[in-house]
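# Examining the three-dimensional arrangement
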Amino acid sequence: VTVSSLNRHAVAYWEDVGLSKSAVLARHIKKFNPYIEIEAVESLFDGARADQLLAGKPSMVLDCIDNIATKVDLLAYCHQHGLPVISASGAGAKADPTRLRISDVEFTTECELARAVRKRLRERGITTGVSMCYTTERTERGLLDFKEHQEEDPTNFAVLPGFRVRVLPVIA
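Attention here is on the structure that accompanies the text. (Residues numbered from 1 in each chain as written. Predicted model: local features only at pLDDT ≥ 70, side-chain atom pairs only at ≥ 80, totals over all residues. Heavy atoms only, no water.)

### Describing the overall build of the protein chain
Helix and strand content of the protein chain: five helices and four strands. Ordered by position from the N terminus, the helices and strands of the protein chain form the series α-α-β-α-β-β-α-β-α. Every one of the 172 residues in the protein chain was classed for burial, and the buried ones make up 33%. As presented, the protein chain carries roughly 11100 Å² of accessible surface, and 54% of it is formed by carbon and sulfur atoms. (Helix = DSSP H or I, 4+ residues; strand = E, 2+ residues; numbered from the N terminus. Buried < 20%, exposed > 50% of the residue type's maximum accessible area, 1.4 Å probe, protein only. Areas by Shrake-Rupley, 256 points an atom, 1.4 Å probe, with all protein chains shown as cover.)

### Describing the environment of Asn 7
Mapped onto the secondary structure, Asn 7 falls in the segment before α1 (21-32). Sequence separation of Asn 7 and Lys 94 is 87 residues, and the distance between their C-alpha atoms is 8.5 Å.

### Some words on the state of the cysteines
Going through the model one piece at a time under the given rule, you end up with zero disulfides. Counting only cysteine sulfurs, Cys 133 is the nearest neighbor of Cys 64, a cysteine outside any disulfide, at a range of 9.2 Å. With no disulfide of its own, Cys 111 lies closest to Cys 133 among cysteine sulfurs, the gap being 9.5 Å. (Disulfide = S-S within 2.5 Å.)

### With respect to helix α3 (residues 68-80)
Taking 1.5 Å per residue as the helical rise, α3 with its 13 residues ought to reach 18 Å, and the 18 Å between its terminal C-alpha atoms agrees with that figure. The complete set of buried residues in α3 reads Lys 71, Val 72, Leu 74, Leu 75, Ala 76, Tyr 77 and Cys 78. Tucked inside the fold, the buried residues of α3 contact α2 (50-53), β1 (61-63), β2 (85-88) and α4 (112-123). Of the residues flanking the start of α3, the one acting as N-cap is Asn 67, its side-chain oxygen 3.1 Å from the backbone nitrogen of Ala 69. Just downstream of α3 lies Gly 82, where phi reads positive at about 65 degrees. (Expected span 1.5 Å × (residues − 1). Contact = heavy atoms within 4.5 Å. Polar contact = N/O pair within 3.5 Å; in protein donor to acceptor, adjacent residues only side chain to side chain.)

### Here we look at the nonpolar core
Leu 54, Val 117 and Leu 121 are the most contacted members of the largest nonpolar core, which totals 24 residues. Secondary structure elements with two or more residues in this core: α2, α3, α4 and β4 (131-135). Per-element tally for this core: the top contributor is α3, with six residues. Listed in part, the five residues of the second largest apolar core include Val 1, Leu 6, Val 11 and Val 24. (Core = buried A, V, L, I, M, F, W, Y, C linked by side-chain atoms within 4.5 Å.)

### Looking at the pattern of salt bridges
Applying the stated rule across the entire model yields five salt bridges. A salt bridge links Arg 115 to Glu 112; its shortest N-O distance comes to 2.6 Å. You can see Arg 115 and its partner Glu 112 sitting in helix α4, three residues apart, about one turn around the helix. (Salt bridge = Lys/Arg side-chain N within 4 Å of Asp/Glu carboxyl O.)

### Observations regarding the environment of Ala 48
Mapped onto the fold, Ala 48 is located in the loop between α1 and α2. Relative accessible area serves as the criterion here: at 75%, Ala 48 is assigned to the exposed category. Between the C-alpha atom of Ala 48 and that of Asp 73, which follows or precedes it by 25 residues, the distance is 9.8 Å.

### Quick look at unusual backbone geometry
Unlike most non-glycine residues, Lys 57 shows phi in positive territory, near 50 degrees. Its identity is not glycine, yet Glu 110 carries a phi of approximately 70 degrees, on the positive side. Relative to the helices and strands, Glu 110 resides in the loop between β3 (100-104) and α4. Of the residues examined, Glu 110 reaches a relative accessible area of 29% and is grouped as partly exposed.

Take a look at the structure:
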């Protein structure tokens, strides 16, 4: 969890900055269902290791990947292997929770990330059978200016080394 990603994590707070996203989500789910079995995998998804990463036939796969190519690799793998999956789409700069939707990828609208995923899945012959959580809200907010303490070295606010740095309004 990073400061710049807090606006996209409904269950992450300031005290979670620096912790693994999967561990934070697992902790949250266990608060309302202490009997659930969660295997929080802290790894970047790699199609070459998909069999290993998803061994044991999970009852549900949660996709929260930002990178489109990697996201599509995971979704295609789950679809081809009959693993139920729900894919989280873009929520950056969004603020209206009444615009959240869950539907098959075939029926997603307004969301640029869902559109890109739908197009790439279609290129692989997958047109339906992948659930997506997305928003129909159009982004009207721009990026915020860096704060004084961020201007010195914006790379401190990147998710991973070499990733782009964006500062979006944080909804808290």
